[in-house]
Amino acid sequence: MSLHEKLSKLEGLSTHWQQLRRRGLLLTVIGAVFAFASIADPKLTVMHGDDFSLLPLCGIVIMTIGLLECFDAYIAKESKDFLFNLQTGLLDVVVAFLIIFSLGDNPSRLSSLIAAFLITKSIYRLIIAYATQSPHFKSISLTAGISFLLGLLVWREWPSSEGWFLAFCLSSEISMRGWGLMNFADWLKTNTEAVDQ
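As the structure is a computational prediction, the values presented were derived from the model and not from experiment. (Residues numbered from 1 in each chain as written. Predicted model: local features only at pLDDT ≥ 70, side-chain atom pairs only at ≥ 80, totals over all residues. Heavy atoms only, no water.)

### Notes on the overall build of the protein
Alright, step 1. If you tally the helices and strands in the protein, you get seven helices and zero strands.
Alright, step 2. Of the regular secondary structure in the protein, the N- to C-terminal order runs α-α-α-α-α-α-α.
Alright, step 3. For the protein, the residues scored as buried account for 47% of the 197 residues in total.
Alright, step 4. Sequence separation of at least 24 residues holds for 76% of the intrachain contacts in the protein that already meet a minimum separation of 6.
Alright, step 5. Working note: accessible area of the protein is about 10,300 Å², and carbon and sulfur atoms make up 66% of it. (Helix = DSSP H or I, 4+ residues; strand = E, 2+ residues; numbered from the N terminus. Buried < 20%, exposed > 50% of the residue type's maximum accessible area, 1.4 Å probe, protein only. Contact = heavy atoms within 4.5 Å. Areas by Shrake-Rupley, 256 points an atom, 1.4 Å probe, with all protein chains shown as cover.)

Put into structure tokens, the structure is as follows:
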């Protein structure tokens, strides 16, 4: 059985497509607002994290996403749903934990972690879009490519390794991930309607 055939059976996911769409829209808006705010005011301080800009808030958003995905895994009725949600949820929770509890250090110490996170998430999103043969493959590929590029920039610490740039990159990833989630929800809806007919 090919990867596409295995993934085409995802229409039975325990999370309804409308819930995924709402979650994706919320992530897109939050990420866009945070990205704009981190550029508009690079010296912004949250949670007494001097030089961290909006990194703590990005960490909280990613932690929340990860916990929701772990909960989705917990309530899953089938093992494929459990595995599908658990692996992304755990990565989010661990990375967010490290970001939130690193406020006393220098934000540049998080560069490798954030770069790895951005690159991993972009590759994962691209693979899912290809495997599901999403009709939105081009836009998902574009957003995955941007996340990958941002990951490389963070890794090279160019143009900066300061907190505002790290927060901008994570916020952009949150927004593009929300966009990808909305596209995945549309794909689920299309496949669910096709099965129902």
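### Structural notes on the environment of Ala167
Alright, step 1. Structurally, Ala167 is set in helix 7 (residues 163–196).
Alright, step 2. Distance in space between the C-alpha atoms of Ala167 and Cys58 is 6.8 Å, their sequence separation being 109 residues.
Alright, step 3. Here Ala167 is in contact with Ser38, Ser53, Leu54, Leu55 and Cys58, once residues within four sequence places are set aside.

### Description of the packing of aromatic side chains
Alright, step 1. By the definition in use, this model includes three aromatic pairs.
Alright, step 2. Aromatic side chains Phe97 and Phe101 sit 4.6 Å apart centroid to centroid with 45° between the ring planes, which places their arrangement in the tilted category.
Alright, step 3. On the basis of relative accessibility, which here comes to 61%, the residue Phe101 falls in the exposed class.
Alright, step 4. A ring pair is formed by Trp164 and Phe165, whose centres lie 5.8 Å apart and whose planes are at 75°; its orientation type is edge-to-face.
Alright, step 5. Between Arg156 and the ring centre of Trp155, over which it is positioned, the NZ or CZ distance is 5.3 Å. (Phe/Tyr/Trp six-rings, centres within 6.5 Å; stacked < 30°, edge-to-face > 60°. Lys NZ or Arg CZ within 6 Å of the ring centre and 35° of its normal.)

### Observations regarding helix 6 (residues 137–156)
Alright, step 1. Its 20 residues give helix 6 an end-to-end C-alpha distance of 28 Å, which sits within 8% of 28 Å, the value for a rise of 1.5 Å per residue.
Alright, step 2. Among all positions of helix 6, only Ile140, Thr143, Ala144, Ser147, Leu150, Gly151 and Val154 are buried. For helix 6, the angular spread of buried residues about the axis comes to 120°, placing them on one side. Away from its buried face, by an angle of more than 90 degrees, helix 6 presents the exposed residues Lys138, Leu142 and Arg156. (Expected span 1.5 Å × (residues − 1). Arc of directions from axis to C-beta.)

### Topic: empty space enclosed by the protein
Alright, step 1. Tallied over the entire structure, the rule returns one cavity of 30 Å³ or more.
Alright, step 2. Along the wall of the largest cavity there are 26 residues; nearest its centre are Glu69, Phe84, Tyr124, Leu181 and Phe184.
Alright, step 3. Of all elements in the fold, only helix 2 (17–40), helix 3 (55–74), helix 4 (79–100), helix 5 (111–131) and helix 7 reach the threshold of two or more residues within the lining of the largest cavity.
Alright, step 4. Taken together, the residues of the lining of the largest cavity break down into 12 nonpolar, seven polar and seven charged. (1 Å grid on protein atoms, 1.4 Å probe; cavity = no way out; pocket = protein on both sides within 12 Å on 5 of 7 lines; lining within 4 Å. Points joined across faces, edges and corners; volume = space filled by probe spheres on them. Nonpolar A, V, L, I, M, F, W, Y, C, P; charged D, E, K, R; others polar.)

### Structural notes on the nonpolar core
Alright, step 1. Counting 39 residues, the largest nonpolar core has Leu55, Ile99, Ile114, Leu118, Val154, Leu170 and Phe184 as its most contacted members.
Alright, step 2. Those elements that provide at least two residues to this core are helix 2, helix 3, helix 4, helix 5, helix 6 and helix 7.
Alright, step 3. Among the elements that make up this core, the one with the highest residue count is helix 7 (12 residues).
Alright, step 4. Excluding its chain neighbours within four sequence positions, the residues that come into contact with Ile99 are Leu55, Gly59, Leu110, Leu113, Ile114 and Leu170. (Core = buried A, V, L, I, M, F, W, Y, C linked by side-chain atoms within 4.5 Å.)

### Here we look at the packing of helix 4 against helix 5
Alright, step 1. One way to put it is that helix 4 packs onto helix 5 with a least axis distance of 11 Å and a crossing angle of 160°. By the criterion of interaxial angle, the relationship of helix 4 to helix 5 is roughly antiparallel. In this structure, the crossing between helix 4 and helix 5 has a hand that is left-handed. Across from Phe84, Gln87, Thr88, Leu91, Asp92, Val95, Leu98 and Ile99 in helix 4, the residues of helix 5 making contact are Leu113, Ile114, Phe117, Thr120, Lys121, Tyr124 and Ile128.
Alright, step 2. In terms of residue class, the contact of helix 4 with helix 5 is built from 10 nonpolar, three polar and two charged. (Axes fitted to C-alpha atoms, helices over the stretch in contact; angles between N-to-C directions. Parallel < 35°, antiparallel > 145°, perpendicular 65-115°, else oblique. Left-handed = near helix turned anticlockwise from the far one by under 90°.)

### Comments concerning a nonpolar patch on the surface
Alright, step 1. There is a patch of nonpolar side chains on the surface, built from Ile123, Ile127, Phe148, Leu152 and Trp155 and spanning about 460 Å² of accessible area.
Alright, step 2. For the nonpolar patch, the elements supplying multiple residues, two or more each, are helix 5 and helix 6.
Alright, step 3. Element by element, the count of residues in the nonpolar patch is highest for helix 6, at three residues.
Alright, step 4. As for its placement among the helices and strands, Trp155 is situated in helix 6.
Alright, step 5. Take Trp155: its relative accessible area is 51%, and that puts it in the exposed class. (Patch = residues over 30% accessible without salt bridge, like charges linked within 9 Å, V, L, I, M, F, W, Y side chains within 5 Å. Salt bridge = Lys/Arg side-chain N within 4 Å of Asp/Glu carboxyl O.)

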